[in-house]
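Residues per chain are reported as follows:
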Amino acid sequence: MAPKQRTRNPELIPGVRKVSRSKMYHKRGLWAIKAKNGGKFPHHEKAPAAAPVAEKPPKFYPADDVKKPLSNKRKPKPTKLRASITPGTVLIILSGRFKGKRVVFLKQLSSGLLLVTGPYKINGVPLRRVNQAYVIATSTKVDISGVNVEKFDDKYFAKQVEKKKKKGENEFFEAEKQEKNNLPAEKKDDQKAVDAPLLKAVESVPDLKAYLGARFSLKAGMKPHELVF
Amino acid sequence: MPFKRYVEIGRVALVNYGKEYGKLVVIVDVIDQNRALVDAPDMVRSQMNFKRLSLTDIKIDIKRVPKKKTLIAAMEAADVKGKWEKSSWGRKLIVQKRRASLNDFDRFKLMLAKIKRAGVVRQELAKLKKESAA
């Protein structure tokens, strides 16, 4: 908060101020300014105002009054990242295809989702986006300094738009067979490029590779609210 | 079966309820039938109900309501901390605390270690069985 400003004329009661008009004149030092300027208060000439542009009358008046929607200047910002999640943290994914998998956090994308990788060779989780709400952050960290994640953003993960196919009966059956998703080689290379330095960092810590390869599950006697992750 | 641990001045007790849960305190005076004046090096001297205390075997030599400095010196002389950590009760509490503070990764490493140990034990057992059978 800014330091409290000193008020020259505090309000004692609503409508009643402390200092009288003449005393305020003296307090503000208007007499000194006047004295400095030869008896008159310095006066600036008004800047010449630009002449108002003559507006042409509109060509078309709509018949009905259409209501203008209220203006919305809201700029969405990415979800606040939990303090426990920093680049290199091991996360436990809680739902979806990879539930229970322990995974390395890379960075938060502009949509708020977390960019995450297995690494793929260790547990089969590729470069993937994951919502912060479906994740437990552990306190284990992996050294992520050798990894470059600049090029990944939400557009990288957008669904591929398929070309329109004509729906003839024969073509329909043929098209079904070719429906398989072939990952473009570029994405496979990206995965390898991200995982290579990660694998080195992971292998330097004993048991970490096996840890990332194993799934998390609650066993008998484990109380989640008492567990330290 | 006679009682062995008495409420007396200098008796070390473990707080088992309340804000000071888990702390070792010394009974410094008895207020009435239910309450004691209790003190510890890192705590303001205060009253506590006996029901909140569990008496231990450790006793130190102090006069009624000693000054804080005297109390701390007496506790050092009797080595309360060392005796407590060597006692089986104290050791159990330390293990419990350690287990509760384990990381997810630590628990994984613990599991691997347990499996390894069990494997070694089983091998030895198998060897011994073979010898006794032969």
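Fair warning: this is a prediction, and the values are worked out from it, not measured in the lab.

A. Local environment of the overall build of chain A. Helix and strand counts for chain A come out as 6 helices and 7 strands. N-terminal to C-terminal, the α/β element order of chain A is β-β-α-α-β-β-β-α-β-β-α-α-α. By the compact-globule yardstick of 17 Å for 229 residues, chain A is too spread out, its C-alpha radius of gyration being 34 Å. Every one of the 229 residues in chain A was classed for burial, and the buried ones make up 28%. About 19,000 Å² of surface is accessible on chain A, with carbon and sulfur atoms providing 56% of the total. Measuring between centres, the 50 positive side-chain charges of chain A sit 14 Å from its 22 negative side-chain charges.

B. Looking closely at the UniProt feature "domain: Large ribosomal subunit protein eL14" (unreviewed entry) in chain B. UniProt marks residues 45-117 of chain B with the feature "domain: Large ribosomal subunit protein eL14" (unreviewed entry), using the numbering shown here. Between the end C-alpha atoms of residues 45-117 of chain B there is a gap of 47 Å, over a span that is 62% helix and 15% strand.

C. Examining the confidence of the model for chain B more closely. Residue and element names in this part refer to chain B. Mean pLDDT over chain B stands at 94; residues scoring 70 or higher make up 100%. Mean pLDDT values for the elements of chain B range from 94 in helix α1 (residues 68-78) up to 96 in strand β1 (residues 11-15). In the predicted complex, the global pTM is 0.73; the interface-specific ipTM is 0.79.

D. Region of the structure containing α1(B). Residues and elements named next belong to chain B. Taken together, the buried positions of α1 are occupied by L71, A74, M75 and A78. Projected down its long axis, α1 carries its buried residues within an arc of 100°, all on one side. Within α1, the exposed residues directed more than 90 degrees away from the buried face are K69, E76 and A77. Residues of α1 that are buried sit in contact with β2 (24-30), β3 (35-39) and α2 (80-86). One or two steps after α1, the chain reaches D79, where phi turns positive at roughly 55°.

E. Region of interest: the packing of aromatic side chains. The full count for this structure, using the stated rule, is 6 aromatic pairs over all chains. Residues A:F216 and A:F229 carry aromatic rings whose centres are separated by 5.7 Å and whose planes lie at 65° to one another, so their mutual orientation is edge-to-face. Residue A:F216 is located in the segment after α6 (208-213), and its partner A:F229 is located in the segment after α6; the two are separated by 13 residues in the primary sequence. The pair A:F216 / A:F229 is uniform in exposure class, with both members buried. A connected cluster of aromatic rings, assembled from ring pairs, spans A:F152, A:Y156 and A:F157. Taking NZ or CZ as reference, B:R107 lies 5.7 Å from the ring centre of A:F229, over its face.

F. View of the pattern of salt bridges. Taken as a whole and judged by the stated rule, the model has 17 salt bridges over all chains. Note that B:D39 is salt-bridged to B:R45, the shortest N-O span being 3.0 Å. Judged by relative accessible area, which is 29%, B:R45 ranks as partly exposed. One network of salt bridges, in which partners are shared, links A:R102, B:D104 and B:R107.

Each value, and the rule that gives it
Residues numbered from 1 in each chain as written. Chains lettered and ligands numbered in written order. Predicted model: local features only at pLDDT ≥ 70, side-chain atom pairs only at ≥ 80, totals over all residues. Heavy atoms only, no water. Helix = DSSP H or I, 4+ residues; strand = E, 2+ residues; numbered from the N terminus. Rg over C-alpha atoms; globule rule 2.2 N^0.38 Å. Buried < 20%, exposed > 50% of the residue type's maximum accessible area, 1.4 Å probe, protein only. Areas by Shrake-Rupley, 256 points an atom, 1.4 Å probe, with all protein chains shown as cover. Lys, Arg positive; Asp, Glu negative; His and termini not counted. Charge placed at Lys NZ, Arg CZ, Asp CG, Glu CD. UniProt positions renumbered as here; feature names shortened; annotations may be inferred. pLDDT = per-residue confidence, 0-100. Arc of directions from axis to C-beta. Contact = heavy atoms within 4.5 Å. Phe/Tyr/Trp six-rings, centres within 6.5 Å; stacked < 30°, edge-to-face > 60°. Lys NZ or Arg CZ within 6 Å of the ring centre and 35° of its normal. Salt bridge = Lys/Arg side-chain N within 4 Å of Asp/Glu carboxyl O.

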